[in-house]
Amino acid sequence: LMEKFRSQDRQLQLREFSGSAIFSFVTTGAFYLILLRVALRTMQMSLTVGDLAIFGGATARLRTILDSFIRSTTVALEQTLYIANLRAFLDTQPGISSGRGRDPKAPRGSISLENVTFRYPGSSRPAVREVSLEIAAGECVAIVGENGAGKSTLAKLVSRLYDADEGHILFDGVDLRELSLEYLHRQVSFLGQGYGRYEASAADNIAYGNWREILDHPERVREVARLAHVDGVVEAMPEGFDTLLGRTFGQYEPSSGEWQQIAVARVLARGATVCILDEPTSSLDAHAESRLMAAVRELARGRTTIVISHRFSTVAMADRIVVMGNGEILETGTHDQLLAAAGHYARLFELHERHRLPTRDARNDSPVPDQ
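Since this is a predicted model, take the numbers as computed values, not measurements.

1. Focus on the nonpolar core
Then comes step 1: Ranked by internal contacts, the top residues of the largest apolar core, which has 43 residues, are Ile-206, Ile-321 and Tyr-345.
Then comes step 2: In terms of residues, this core owes the most to one element, helix H9 (residues 256-268), which gives seven residues.
Then comes step 3: Leu-154, Val-158, Ile-169 and Leu-176 belong to the second-largest nonpolar core, a separate cluster that totals 30 residues.

Written out as structure tokens, the structure reads:
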């Protein structure tokens, strides 16, 4: 693509340079030929020296006006290219189309993946390869694995941000492609790694998760914050729940951990059947993580919950752990079962624990963290 753009830019620059050079040569030659003719007529006494001076000034001014006109025309043509790009973007149709509306009357939140494979555009290697997985309604499942294992991609396929290239994903026994998008979006609450940081009040940041029902009900927002164990964080802010977050309109910039706790509360406020949390505790300390995950388990009781995390303290709280690697499912089981199996999960856990253990400084026998 870069070579293609460079070739196009080169052609445009050459065309612009050639056109400018030809125009400058022709107009300059024409002006000087006319000026020579006027000078000759002045020498022949047909015109006066004053006429020559007036013509010289008018010629220079005309040249400046023409040059300004051509520059303005060029800028206008360049801007129309941007407008064409904007119109082409606005005319682009979504790649995900709504289904035929085979929406279950009473959603339970069971999820079934059948030989699901997905490749990102331009990639020859599947991000998810022939994955089959059953998640029961109300079950809390943690997905763990190294970077690039396909964890986040799998979560995005379940929420139908992408469509699988092969295989089927069923929601309560119905293929996701058969569900209306409006229905599916109501049933799935998704916290991605790039969660929103809204330049609004702390209360609004939480209420946006279910803005139709609780945005105008401060008491319900406070209740959600209390259940999510973030009420203490919010009340410690300068104006409590009315604190405007961010520097654009407000005067308080929360820390990364505070932003993340508010984002989790926003997801839990949704009341969706399926709750997907991608690295929900990455910016939290151990104490805040423990309190938040306890709140997640309590608020998500009865909901199907998918938690993606690198932290073993987080995934150990799940009913079942799914270990992924190279886009495939390697192991499934509880924390204790996977440790006993001494497989991939056990190796990752051992590396994690080894990294956490302090070493001793030989000089003063004081603990120093592993590097």
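Read on, since the account is not over.
2. Some thoughts on the side chain of Asp-172
Then comes step 1: The topology assignment puts Asp-172 in the loop between strand S4 (166-171) and strand S5 (174-175).
Then comes step 2: A relative accessible area of 14% places Asp-172 in the buried class.
Then comes step 3: When sequence neighbours within four positions are dropped, the list of residues in contact with Asp-172 reads Pro-104, Ala-106, Pro-107, Arg-108, Gly-109 and Ser-110.

3. Examining the sheet that holds strand S1 (residues 111-118)
Then comes step 1: Spatially, S2-S1-S4-S5 is the arrangement adopted by the four strands of the open sheet, whose pairing is antiparallel. Where the open sheet ends on each side, the last strands, each with one partner, are strand S2 (128-135) and S5.
Then comes step 2: Note that S1 and S4 share five bridges and pair antiparallel. When the bridges of S4 are listed, Thr-117 appears paired with Glu-166.
Then comes step 3: Strand contacts of helix H3 (residues 151-158): S1, S2 and S4, with the helix running at about 120 degrees to S1, the strand carrying the most contacts.

4. Notes on the sheet that holds strand S6 (residues 188-191)
Then comes step 1: In spatial order, the strands read S6-S7-S8-S3-S9-S10; together these six strands make up an open sheet with mixed pairing. With one partner strand each, in any of the chains shown, S6 and strand S10 (328-333) form the two edges of the open sheet. For this sheet, the mean inter-axis angle between neighbouring strands, taken without regard to orientation, is 15 degrees.
Then comes step 2: Packed on one face of the sheet, H9 meets S6 and strand S7 (274-278) and runs near 175 degrees to S6.

5. Looking at helix H1 (residues 2-43)
Then comes step 1: With 42 residues, H1 ought to run about 62 Å at 1.5 Å a step, and its terminal C-alpha atoms sit 60 Å apart, in line with that.
Then comes step 2: For H1, the full list of buried residues reads Thr-27, Phe-31, Val-38 and Thr-42.
Then comes step 3: Packing partners of the buried residues in H1 comprise helix H2 (49-90).
Then comes step 4: Downstream of H1 by a residue or two, Met-45 has a phi angle that is positive, lying close to 70 degrees.

6. Remarks on the confidence of the model for the protein chain
Note that predicted coordinates carrying low pLDDT should not be read in detail.
Then comes step 1: On average, the protein chain scores 85 in pLDDT, and the residues at 70 or more come to 95%.
Then comes step 2: The low-confidence segment residues 359-371, where pLDDT is below 50, has 14 contacts with residues more than four positions distant or belonging to other chains.

7. Concerning unusual backbone geometry
Then comes step 1: The backbone phi angle of Arg-160 is positive, close to 60 degrees, even though this residue is not glycine.
Then comes step 2: Tracing the backbone shows Arg-160 in the loop between H3 and S4.
Then comes step 3: We classify Arg-160 as buried; its relative accessible area is 5%.
Then comes step 4: One non-glycine residue, Asp-172, lies in the positive phi region at around 55 degrees.

8. Re the pattern of salt bridges
Two side chains bearing opposite charge may form a pair once their charged atoms approach each other closely.
Then comes step 1: Here the structure, examined in full by the defined rule, presents eight salt bridges.
Then comes step 2: In this structure, the salt-bridge partner of Arg-100 is Glu-178, at a minimum N-O distance of 2.7 Å. Of this pair, Arg-100 sits in the loop between H2 and S1 while Glu-178 sits in the loop between S5 and helix H4 (181-187), and the two are 78 residues apart along the sequence.
Then comes step 3: Judged by its relative accessible area of 67%, Arg-100 is exposed.

9. Remarks on a nonpolar patch on the surface
Then comes step 1: Together, Leu-33, Leu-36, Leu-40 and Met-43 give the surface a local cluster of nonpolar side chains, amounting to about 450 Å² of exposed area.
Then comes step 2: On the secondary structure map, Leu-40 appears in helix H1.
Then comes step 3: By relative accessible area, which is 43% here, Leu-40 ends up partly exposed.

10. Describing the pairing of strand S3 (residues 140-145)
Then comes step 1: Most of S3 sits out of view: six of its six residues are buried.
Then comes step 2: Going residue by residue along S3, you find Cys-140, Ala-142 and Val-144 tucked away on one face and Val-141, Ile-143 and Gly-145 tucked away on the opposite face as well.
Then comes step 3: Bridge analysis of S3 against strand S8 (residues 304-308) gives four bridges, and the strand direction is parallel. Following the sheet pairing, Ala-142 is matched in S8 by Val-307.
Then comes step 4: Judged from the five bridges that link them, S3 and strand S9 (residues 320-325) form a sheet pairing that is parallel.

11. A few points about the environment of Asp-278
Then comes step 1: Mapped onto the fold, Asp-278 is located in strand S7.
Then comes step 2: What makes Asp-278 buried here is its relative accessible area of 3%.
Then comes step 3: For the pair Asp-278 and His-310, spaced 32 residues apart in sequence, the C-alpha separation works out to 9.8 Å.
Then comes step 4: Setting aside residues no more than four positions away along its own chain, Asp-278 makes contact with Ser-152, Phe-190, Leu-191, Gly-192, Gln-193 and Ile-308.
Then comes step 5: Separated by 2.6 Å, the side chains of Asp-278 and Ser-152 make a polar contact.

12. Let's talk about the packing of aromatic side chains
Then comes step 1: Overall, the coordinates contain seven aromatic pairs when judged by the stated rule.
Then comes step 2: Arranged with centres 5.1 Å apart and planes meeting at 10 degrees, the rings of Phe-118 and Tyr-162 form a pair that is stacked. Placement of the pair is Phe-118 in strand S1 and Tyr-162 in the loop between H3 and S4, with a sequence separation of 44 residues.
Then comes step 3: Looking at Tyr-162, the relative accessible area reads 27%, which means it is partly exposed.
Then comes step 4: An angle of 85 degrees between the planes, with centres 6.4 Å apart, marks the rings of Phe-171 and Tyr-183 as edge-to-face. Of this pair, Phe-171 sits in strand S4 while Tyr-183 is found in helix H4, placing the two residues twelve residues apart along the sequence.
Then comes step 5: A residue is classified by how much of its surface remains accessible, and Phe-171, at 3% relative accessible area, is buried.
Then comes step 6: Exposure remark for Tyr-183: the relative accessible area of 4% places this residue in the buried category.

Reading guide: rules and limits
Residues numbered from 1 in each chain as written. Predicted model: local features only at pLDDT ≥ 70, side-chain atom pairs only at ≥ 80, totals over all residues. Heavy atoms only, no water. Core = buried A, V, L, I, M, F, W, Y, C linked by side-chain atoms within 4.5 Å. Buried < 20%, exposed > 50% of the residue type's maximum accessible area, 1.4 Å probe, protein only. Helix = DSSP H or I, 4+ residues; strand = E, 2+ residues; numbered from the N terminus. Contact = heavy atoms within 4.5 Å. Pairing = 2+ DSSP bridges. Axes fitted to C-alpha atoms, helices over the stretch in contact; angles between N-to-C directions. Expected span 1.5 Å × (residues − 1). pLDDT = per-residue confidence, 0-100. Salt bridge = Lys/Arg side-chain N within 4 Å of Asp/Glu carboxyl O. Patch = residues over 30% accessible without salt bridge, like charges linked within 9 Å, V, L, I, M, F, W, Y side chains within 5 Å. Areas by Shrake-Rupley, 256 points an atom, 1.4 Å probe, with all protein chains shown as cover. Polar contact = N/O pair within 3.5 Å; in protein donor to acceptor, adjacent residues only side chain to side chain. Phe/Tyr/Trp six-rings, centres within 6.5 Å; stacked < 30°, edge-to-face > 60°.

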